[in-house]
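Chains, contacts and geometry: an overview
Residues per chain, in single letters:
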Amino acid sequence: MGPIKRGALIVFEGCDRSGKSTQSRRLAELLKSRGIPTESLNFPDRSTDIGQVINSYLTNSKDLQDEVIHLLFSVNRWELMGKLRQKLLAGTTLIVDRYSYSGVAYSVAKGMDFDWCYAPERGLIKPDAVFYLRAVPDRLAERSEFGEERYEKVEFQSRVSAVYDRIFSNESTYWHQLDASVTADELHFLIAEIAEKLLPKVTTQPLDKL
Ligand code: DGP
Ligand code: NA
Ligand code: NA
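**Focus on the coordination of the sodium ion (ligand 3)**
- Protein-derived coordination of the sodium ion (ligand 3) comes from Ser21 (OG) and Asp97 (OD), at a distance range of 2.9 to 3.0 Å.
- Taken as a pair, the sodium ion (ligand 3) and the sodium ion (ligand 2) show a spacing of 5.8 Å. Of the two residues, Ser21 is situated in helix H1 (residues 20-33) and Asp97 in strand E3 (residues 93-97); the sequence distance between them amounts to 76 residues.
- For Asp97, a relative accessible area of 11% corresponds to the buried category.

**Here we look at the pattern of salt bridges**
- A full pass over the atoms with the stated rule returns 13 salt bridges.
- With a closest N to O distance of 3.0 Å, Glu39 and Lys87 form a salt bridge. Taken as a pair, Glu39 in strand E2 (residues 38-42) and Lys87 in helix H3 (residues 66-89) lie far apart in primary sequence, 48 residues in all.
- Assessed through its relative accessible area of 32%, Glu39 is described here as partly exposed.
- Arg77 serves as the salt-bridge partner of Glu121, at 2.9 Å between the closest nitrogen and oxygen. With Glu121 in the loop between helix H5 (114-118) and strand E4 (129-134) and Arg77 in helix H3, this residue pair connects regions lying 44 residues apart in the sequence. Comparing Glu121 with Arg77, the two get one shared label, buried.

**Some remarks on the packing of aromatic side chains**
- Applying the stated rule across the entire model yields 13 aromatic pairs.
- Here the aromatic rings of Tyr106 and Phe156 are separated by 6.1 Å at their centres, their planes lie at 50 degrees, and the arrangement is tilted. In this pair, Tyr106 is assigned in helix H4 (residues 100-108) and Phe156 in helix H7 (residues 154-170), connecting sequence segments 50 residues apart.
- Here Phe156 falls in the buried class, since its relative accessible area comes to 11%.
- A network of ring pairs unites the aromatic residues Phe43, Tyr99, Tyr101, Tyr132, Tyr164, Phe168 and Trp175 as a single cluster.

Rules and cut-offs
Residues numbered from 1 in each chain as written. Chains lettered and ligands numbered in written order. Predicted model: local features only at pLDDT ≥ 70, side-chain atom pairs only at ≥ 80, totals over all residues. Heavy atoms only, no water. Donors = N, O, S within 2.8 Å, 3.2 Å for Na, K, Ca; no water. Helix = DSSP H or I, 4+ residues; strand = E, 2+ residues; numbered from the N terminus. Buried < 20%, exposed > 50% of the residue type's maximum accessible area, 1.4 Å probe, protein only. Salt bridge = Lys/Arg side-chain N within 4 Å of Asp/Glu carboxyl O. Phe/Tyr/Trp six-rings, centres within 6.5 Å; stacked < 30°, edge-to-face > 60°.

Structure, rendered in structure tokens:
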């Protein structure tokens, strides 16, 4: 009997307005057009009870202690894990806009301890690939809508960017760093090339944990 094919867990990470939403949508469209069952989702999932608290925090209508909001973001990933595992094992590839690395990057950028921030993420399903869209934060500020939510400040995004760079240096085996300043078409081409090579390999491997 040949290996059972599961879906792949593909994550997009990067600062706010780095192009993650566009690129994750385009990759999902491409995979679907190739007949690969694919679904898209993003974290935080603002539709759950916890997601609604997170939304109030992000839109500045609620203040929470740094540790409290950190753990709520993590719980928001945990509460979706059963559903994600089920879909992956049923053969659906998941394209996820933000994951545990956002959790670490945004909290460490506030001055919190790296290991403390990573601890609640341990045990979540490990992505098969992370596309890290690396952008220079003052270029991001030129893009539309920047500055509406809590974290969308150039100075803060620079610190987030530095933490992503640190994570990339530790996780380089399954992280793919891409220059987000190239055109959307170029970026999509690079991502598609990597994804198409990677998918047949990873989907015969068992799911791993962070
Ligand atoms: P988005 O919907 O991708 O624009 O994300 C909303 C904001 O929340 C964005 O500024 C990034 C931030 N964010 C996403 N995930 C986490 C997390 O786990 N922890 C923290 N502190 N911030 C996060
Ligand atoms: Na945002
Ligand atoms: Na997004």
